[in-house]
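Overview (structure and organization)
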Amino acid sequence: MATFGNLSARLTDTLKNLRSKGKLSASDVDSTVREIRRALLEADVALDVVKEFTAKVRERALGDEVNQALNPAQQVVQIVNEELVAILGGEQRRLQFAKNPPTVIMLAGLQGAGKTTLAGKLAKWLRDQGHTPLLVACDLQRPNAVTQLGVVAEQAGAEIFAPEPGNGVGDPVQVAKRGVAEARSKHYDFVIIDTAGRLGVDAELMRQASDIRKATDPDEVLFVIDAMIGQDAVATAQAFQEGVDFTGVVLTKLDGDARGGAALSIRSVTGRPILFASTGEGLKDFEPFHPDRMASRILD
Ligand code: GDP
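About the cut-offs
Residue numbers restart at each chain and count upward from 1, following the sequence in its written direction. Only residues with pLDDT of at least 70 are given local features in this predicted model, and only at 80 or more are side-chain atom pairs given and counted; all residues enter the totals for whole chains, interfaces and linings. To obtain the side-chain values, all non-hydrogen atoms of the structure were included, while hydrogens and water were left out. Definitions used throughout: a 1 Å grid over protein atoms alone; a cavity as a set of points that fits a 1.4 Å probe which cannot get out; a pocket as an open set with protein on both sides within 12 Å along at least five of seven lines; a lining residue as one with an atom within 4 Å of a point. Grid points are joined across faces, edges and corners, and a volume is the space filled by probe spheres set on the points. Helix and strand assignments follow DSSP, with helices taken as H or I runs no shorter than four residues and strands as E runs no shorter than two, numbered in order from the N terminus. UniProt positions are given in the numbering used here, feature names are shortened, and annotations may be inferred rather than shown by experiment. One less than the number of residues in a helix, times 1.5 Å, gives the span that helix is expected to have. Relative accessibility thresholds used throughout: buried, under 20% of the residue-type maximum; exposed, over 50%; partly exposed, between the two (1.4 Å probe, protein chains only). For this classification, the nonpolar set comprises Ala, Val, Leu, Ile, Met, Phe, Trp, Tyr, Cys and Pro, the charged set comprises Asp, Glu, Lys and Arg, and every other residue, Gly included, is treated as polar. Two strands qualify as a pair provided that DSSP identifies no fewer than 2 bridges between them. Lines fitted to C-alpha atoms define the axes here, with helix axes fitted over just the stretch in contact, and angles between the N-to-C directions of these axes take values from 0 to 180 degrees. For this classification, under 35 degrees means roughly parallel, over 145 means roughly antiparallel, 65 to 115 means roughly perpendicular, and everything else is oblique. By convention the crossing between two helices is left-handed if the near helix lies anticlockwise of the far one by an angle smaller than a right angle, and right-handed if it lies clockwise. Two residues form a contact once any of their heavy atoms are found within 4.5 Å. We call Phe, Tyr and Trp rings a pair once their centres come within 6.5 Å, taking the six-membered ring for Trp, and we label the pair stacked below 30 degrees between planes, edge-to-face above 60, and tilted otherwise. A pairing counts as a salt bridge when a side-chain nitrogen of Lys or Arg comes within 4 Å of a carboxyl oxygen of Asp or Glu. Consider each residue's heavy atoms; a residue with any of them within 4 Å of a molecule or strand counts as near. Pairing of N or O atoms within 3.5 Å defines a polar contact, subject to two protein rules: one partner must be a possible hydrogen donor and the other a possible acceptor, and residues neighboring in sequence count only if both atoms are side-chain atoms. The accessible surface values rely on the Shrake-Rupley method and a 1.4 Å probe; as for residues, cover is taken only from the protein chains in view. Being in a pocket or cavity means that more than half of the molecule's atoms lie within 2 Å of its grid points.

1. Concerning empty space enclosed by the protein
Within the structure shown, the criterion is met by 1 cavity of 30 Å³ or more. A volume near 60 Å³ is recorded for the largest cavity. Ala277, Glu287, Pro288, Phe289, His290, Arg293, Met294 and Arg297 are the residues that line the largest cavity. For the lining of the largest cavity, the elements supplying multiple residues, two or more each, are β8 (286-288) and α12 (291-298).

Right, here's the structure in full:
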């Protein structure tokens, strides 16, 4: 995965330099922490997150667990790894299922974040586990969105619920409600609601997303974010958190080669867990998110 290529290389180099030392002095620790700080900032990780992370690493690295370790440098690597796991959310958080199906999953995010593609990926992933997802097309803004959802649904072998073509634009809130009712009456066990995105956050988009949330009472509201959007990630995530109060995050485009700091900031900034990671355009390029595996990839 190239996302963390640069960050990963920087962190690995910094930690490698430490290994040549036996006992670590306070100044060894400080210069290592400074390097880590710089690497994280250059990767566009949010400043507050960087501060908290480096403060924790520094405090632990200067403490007894390193001082008394047989291999102090190795212990610092271990600490950085553990703290990375912590900022990525600690334990894996699984998708919540409804007690009485269908489980309703609503997707929200900016245009181009990868929502429609994700709808297909989720549908395929669920189908592979024997579930019966219904995709509901509520992105009635973008001319091609319903067709695109139809294409990914077909690839995933899933059904789609959409307004009849030629019926005008339609009301996304009504479509969402009818979609859930359809799933209930026809015994689909999952509903995935694709919603409209805008290029930037705007009030009308938020209101529509919030209305769809109220009308369908989803079990999960997944905020889909392009991991490559850099510093804008924090403001965008906060706006969506206020606007729709999402329950979890999906990081997309982790296969890109940009800085990827969003991936490291988003959990701390929103307090919401990352549930899935998307790593390419194909429906198979998708996996549940494991904080420990991601940390290991970064420190590879
Ligand atoms: P939406 O506007 O949020 O519904 O976004 P789309 O699902 O239409 O995705 C926008 C573009 O990003 C499309 O060209 C997708 O093929 C592409 N895309 C989506 N997810 C990924 C991913 O994980 N990696 C890469 N490289 N491209 C992706």
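2. As for the UniProt feature "domain: SRP54-type proteins GTP-binding" (unreviewed entry) in the protein
In this numbering, the UniProt entry assigns the feature "domain: SRP54-type proteins GTP-binding" (unreviewed entry) to residues 273-286. Here residues 273-286 is 0% helix and 43% strand, with 17 Å between the C-alpha atoms at its ends.

3. Considerations on helix α6 (residues 115-128)
Compared with the 20 Å implied by 1.5 Å per residue over 14 residues, the 20 Å span of α6 between its first and last C-alpha is a close match. Buried residues of α6: Lys115, Thr116, Leu118, Ala119, Gly120, Lys121, Leu122, Ala123 and Leu126, and no others. Just downstream of α6 lies glycine 130, where phi reads positive at about 90°.

4. Concerning the layout of surface pockets
What the largest pocket holds in volume is close to 310 Å³. In terms of lining, the largest pocket is formed by 19 residues, of which the most central are Gly112, Ala113, Gly114, Thr117 and Lys253. Among the elements that line the lining of the largest pocket, the one with the most residues is α6, at 5 residues. For the lining of the largest pocket, the per-class residue count stands at 2 nonpolar, 10 polar and 7 charged.

5. Focus: the pairing of strand β5 (residues 220-226)
A large share of β5 lies buried, amounting to 7 of its 7 residues. Neither face of β5 is left uncovered, since the one carrying Glu220, Leu222, Val224 and Asp226 and the one carrying Val221, Phe223 and Ile225 both have all their residues buried. Of the strand pairs in this sheet, strand β1 (residues 103-108) and β5 are connected by 4 bridges, and their pairing is parallel. When the bridges of β5 are listed, alanine 108 appears paired with phenylalanine 223.

6. What about the packing of helix α8 (residues 172-185) against helix α9 (residues 203-216)?
At a minimum axis distance of 9 Å, the contact between α8 and α9 shows a crossing angle of 25°. If you check the angle between α8 and α9, you find them roughly parallel. As α8 runs across α9, the sense of the crossing is right-handed. Contact residues: α8 offers Pro172, Val173, Ala176, Lys177 and Val180, while α9 offers Gln208, Asp211, Ile212, Ala215 and Thr216. Broken down by class, the residue content of the contact of α8 with α9 amounts to 6 nonpolar, 2 polar and 2 charged.

7. Side note on the side chain of threonine 116
Within the secondary structure, threonine 116 is located in helix α6. The buried category is assigned to threonine 116, whose relative accessible area is 5%. Once residues lying within four places of it in the same chain are set aside, the contact partners of threonine 116 are Arg142, Ala145, Gln148, Leu149, Val152 and Asp194.

8. Here we look at the packing of aromatic side chains
A complete count under the given rule lists 6 aromatic pairs for this structure. Here the aromatic rings of phenylalanine 223 and phenylalanine 246 are separated by 4.8 Å at their centres, their planes lie at 20°, and the arrangement is stacked. In this pair, phenylalanine 223 sits in strand β5 while phenylalanine 246 sits in the loop between α10 (232-244) and β6 (248-252), placing the two residues 23 residues apart along the sequence. What links up through ring pairs into an aromatic cluster is the set Trp125, Phe276 and Phe286.

9. Overview of the pattern of salt bridges
Counted according to the given criterion, the structure contains 16 salt bridges. Between lysine 124 and aspartate 128 there is a salt bridge whose closest N-O contact spans 2.7 Å. Taken as a pair, lysine 124 and aspartate 128 lie in helix α6 at a separation of 4 residues, close to a single helical turn. With a relative accessible area of 26%, lysine 124 lands in the partly exposed category. Taking relative accessible area as the criterion, aspartate 128 reaches 56% and is therefore assigned exposed.

10. Let's talk about the site of the ligand
Near the ligand, the surroundings consist of 17 residues, among which Gly112, Thr116, Thr117, Ser278 and Glu281 are the closest. Between an oxygen atom of the ligand and a main-chain N or O atom of glycine 114, the distance comes to 2.9 Å. The contact in question runs from an oxygen atom of the ligand to an N or O atom on the backbone of lysine 253, over 3.0 Å. If the ligand stood free it would expose 580 Å²; the protein chains cover 80% of that surface. Because more than half of its atoms lie within 2 Å of the grid, the ligand is assigned to the largest pocket.

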